[in-house]
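# Coordinate analysis (summary)
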Amino acid sequence: MRRRTSSLMGADSVDGDGRIARALALAADDDLQRELRNVRAKATLTEVLGEAPEYRWRYSPSRVVRNVLALDRTVRAVAQDDLTTRSDIEEVAKGIAEAWESFAVLGERTERVSSLLYAAIAYELAGYQANAACLAKRLIVRNRSFVTLPSLEEVIGVFLQRQLLRLPIVAEPMLRPPSKAALRHQAW
Amino acid sequence: MFVGQRLDEQNHQLSSAFERYLSQRTGLEGHETYRIFLVWDRDQWREEVLGKLEALPQVIEPLTSHIVHISDLVTVVEASFDRVGIELIEDEEEDQ
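Structural notes, computed from the coordinates. (Residues numbered from 1 in each chain as written. Chains lettered and ligands numbered in written order. Predicted model: local features only at pLDDT ≥ 70, side-chain atom pairs only at ≥ 80, totals over all residues. Heavy atoms only, no water.)

This paragraph deals with unusual backbone geometry. A positive phi angle is found at R109 of chain A, which is not glycine, with a value near 60°. Relative accessible area serves as the criterion here: at 37%, R109 of chain A is assigned to the partly exposed category. Even without being glycine, D72 of chain B reaches a positive phi, approximately 50°. On the secondary structure map, D72 of chain B appears in the loop between β2 (63–70) and α4 (73–83). (Buried < 20%, exposed > 50% of the residue type's maximum accessible area, 1.4 Å probe, protein only. Helix = DSSP H or I, 4+ residues; strand = E, 2+ residues; numbered from the N terminus.)

Now the structure itself:
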């Protein structure tokens, strides 16, 4: 399923204040790596067994989520800023994707849909487009007709699956200004 | 993610401090607090909203809820749309 494509990474301008160097140092932090291994193990066991076994898991959900968020923000900034190759940041993106995917299973300090979305985007940036498309499918309820207003996650899910002809149709309701009646209804 | 992006877009003075906070590995134990702000029409507010919040299985702690009551909130929202130049659609289906 995993297939690498060309990198979108790079970014000397993002690194003007040493942001990339700090992110790489954080990503390489032994304690964070240990915590991430615990998160992945717990998520895997939860998927296989239905629930995680009683065990003193050695990680702080709030700290790991916070740190992964920091790394994710840097990866996105690099991806937007430069087109030269940064394989080191790609590796960070892959680790982030795996972390978000695990938190989508565990639901700790995160919402499942947000975690899935972040994982799909991180896989995309890491060059794992097949993984991104696979996760993006899970953002959309099966046989969804999109008669009602789609969520932002669903629209992004359609985009990440590269359903580019379907995308404007799905997104169209979001581009319309709200009606007065809908506003009055939604206010409560 | 949203808060960080907004700070970055505005080149806000707290942006780099927020970045350091996210990256921090130690020293935050017991210092983090969480807040929810709800903006609600005064006549439509129901106390049971807070009950539903407390009933959620994984509420983050310590959590403080702030509820802002505004009279005739719809008028405020409509005026806000008008201010940013968005014209609301008159409803054709309302009588159907």
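So that's the structure; there's more coming.
Turning our eyes to something else, we now look at the packing of aromatic side chains. The full count for this structure, using the stated rule, is five aromatic pairs over all chains. Taking 4.8 Å as the distance between ring centres and 75° as the angle between the ring planes, the aromatic pair formed by Y55 of chain A and W57 of chain A counts as edge-to-face. Plain terms: the ring middles of F18 of chain B and Y21 of chain B are 6.1 Å apart, the flat faces sit at 35° to each other, and that makes the pair tilted. Of this pair, F18 of chain B and Y21 of chain B are both found in helix α2 (residues 15–23), three residues apart, which corresponds to roughly one turn of the helix. Note on F18 of chain B: relative accessible area 19%, which makes it buried. (Phe/Tyr/Trp six-rings, centres within 6.5 Å; stacked < 30°, edge-to-face > 60°.)

Empty space within the largest pocket amounts to approximately 1,200 Å³. V65, R109 and T110 of chain A together with Y34 and I60 of chain B are, among the 31 residues lining the largest pocket, the residues nearest its centre. Among the secondary structure elements, those contributing two or more residues to the lining of the largest pocket are α3 (61–81) and α5 (112–126) of chain A together with α1 (2–9), α2 and β1 (34–41) of chain B. Across the lining of the largest pocket, the residue classes tally to 18 nonpolar, seven polar and six charged. (1 Å grid on protein atoms, 1.4 Å probe; cavity = no way out; pocket = protein on both sides within 12 Å on 5 of 7 lines; lining within 4 Å. Points joined across faces, edges and corners; volume = space filled by probe spheres on them. Nonpolar A, V, L, I, M, F, W, Y, C, P; charged D, E, K, R; others polar.)

Keep in mind these values describe shape, not function.
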